[in-house]
Amino acid sequence: QVQLVESGGGLVQAGGSLRLSCAASGGTFRRYTMGWFRQAPGKEREFVAAISFSGGRTYYANSVKGRFAISRDNAKNTVYLQMNSLKPEDTAVYYCASTVLDYSDYPGRYDYWGQGTQVTVSS
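Residues numbered from 1 in each chain as written. Predicted model: local features only at pLDDT ≥ 70, side-chain atom pairs only at ≥ 80, totals over all residues. Heavy atoms only, no water.

**What to know about the overall build of the chain**
Step number 1: A tally of regular secondary structure across the chain gives zero helices and eleven strands.
Step number 2: Ordered by position in the sequence, the α and β elements of the chain form the string β-β-β-β-β-β-β-β-β-β-β.
Step number 3: Relative to its length of 123 residues, the chain is compact, with a C-alpha radius of gyration of 13 Å against a globular reference of 14 Å.
Step number 4: Of all 123 residues assigned to the chain, the portion counted as buried reaches 42%.
Step number 5: Contacts in the chain between residues far apart in sequence, at least 24 positions, make up 58% of those at least 6 positions apart.
Step number 6: Surface summary for the chain: the accessible area is close to 6,200 Å², and the carbon and sulfur share equals 46%.
Step number 7: Charge separation in the chain, taken as the distance between the mean sites of 13 positive and 9 negative side-chain charges, equals 5 Å. (Helix = DSSP H or I, 4+ residues; strand = E, 2+ residues; numbered from the N terminus. Rg over C-alpha atoms; globule rule 2.2 N^0.38 Å. Buried < 20%, exposed > 50% of the residue type's maximum accessible area, 1.4 Å probe, protein only. Contact = heavy atoms within 4.5 Å. Areas by Shrake-Rupley, 256 points an atom, 1.4 Å probe, with all protein chains shown as cover. Lys, Arg positive; Asp, Glu negative; His and termini not counted. Charge placed at Lys NZ, Arg CZ, Asp CG, Glu CD.)

**Examining the nonpolar core**
Grouped burial of nonpolar side chains is what soluble globular proteins tend to show.
Step number 1: Trp-36, Leu-81, Met-83 and Tyr-94 are the most contacted members of the largest nonpolar core, which totals 33 residues.
Step number 2: Put simply, the parts of the chain that give this core at least two residues each are strand E3 (18–25), strand E4 (33–39), strand E5 (46–51), strand E7 (68–73), strand E8 (78–83), strand E9 (92–99) and strand E11 (117–122).
Step number 3: Broken down by element, this core gets its largest block of residues, five residues, from E5. (Core = buried A, V, L, I, M, F, W, Y, C linked by side-chain atoms within 4.5 Å.)

**Here's the deal with the side chain of Ser-98**
Step number 1: Along the chain, the position of Ser-98 falls in strand E9.
Step number 2: The exposure class assigned to Ser-98 is buried, which follows from its relative accessible area of 1%.
Step number 3: The residues touching Ser-98, leaving out its near neighbours within four places in the chain, are Val-2, Leu-4, Tyr-32, Thr-33, Met-34, Tyr-110, Asp-111 and Tyr-112.

**Section: the environment of Val-119**
Step number 1: Secondary-structure assignment places Val-119 in strand E11.
Step number 2: Val-119 sits in the buried class, given a relative accessible area of 0%.
Step number 3: Leave out the neighbours within four places in its chain, and Val-119 touches Gly-9, Gly-10, Leu-18, Leu-20, Met-83, Asp-90, Thr-91, Ala-92 and Tyr-94.

**Quick look at unusual backbone geometry**
Step number 1: At Asn-77, a position not held by glycine, the phi torsion is positive, near 55°.
Step number 2: Position of Asn-77 among the secondary structure elements: in the loop between E7 and E8.
Step number 3: Even without being a glycine, Ser-85 presents a positive backbone phi close to 50°.
Step number 4: With respect to the helices and strands, Ser-85 occurs in the loop between E8 and E9.
Step number 5: Of the residues examined, Ser-85 reaches a relative accessible area of 42% and is grouped as partly exposed.

**Things to note about the sheet that holds E8**
Step number 1: If you trace the four strands from one edge of the open sheet to the other, you get E1-E3-E8-E7, paired in antiparallel fashion. Each end of this open sheet is capped by a strand with a single partner; those strands are strand E1 (3–7) and E7. Averaged over all adjacent pairs, the angle separating strand axes in this sheet is 15°, with direction ignored.
Step number 2: Across six bridges, E3 lies against E8 in antiparallel orientation. Following the sheet pairing, Ala-23 is matched in E8 by Thr-78. (Pairing = 2+ DSSP bridges. Axes fitted to C-alpha atoms, helices over the stretch in contact; angles between N-to-C directions.)

Listed below in structure tokens is the structure:
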């Protein structure tokens, strides 16, 4: 059983930055592909970014490419999401998730989820 705990959300003005963290426990972190998803009110959960077991490969949704960066520290069992040039449309609850599969942007392929952290971007 893997437990994931996100942190780092908050309120920021458009153009600002936030760094989200997701701490994992209860599993072998380095064996998991890690992903970030988000869900805005009234919308489906959508893929944001993912990173491979070793961190050597990263994947991004087109909407965040060039603004967000995913990274991981396997020694600290933590995955990060650096978010720059934030826009009001980035407002959502952000979730981290883990899977033993290779990269996927489909939420159903992820086995464990955190509780989410709210990100609000004001205009």
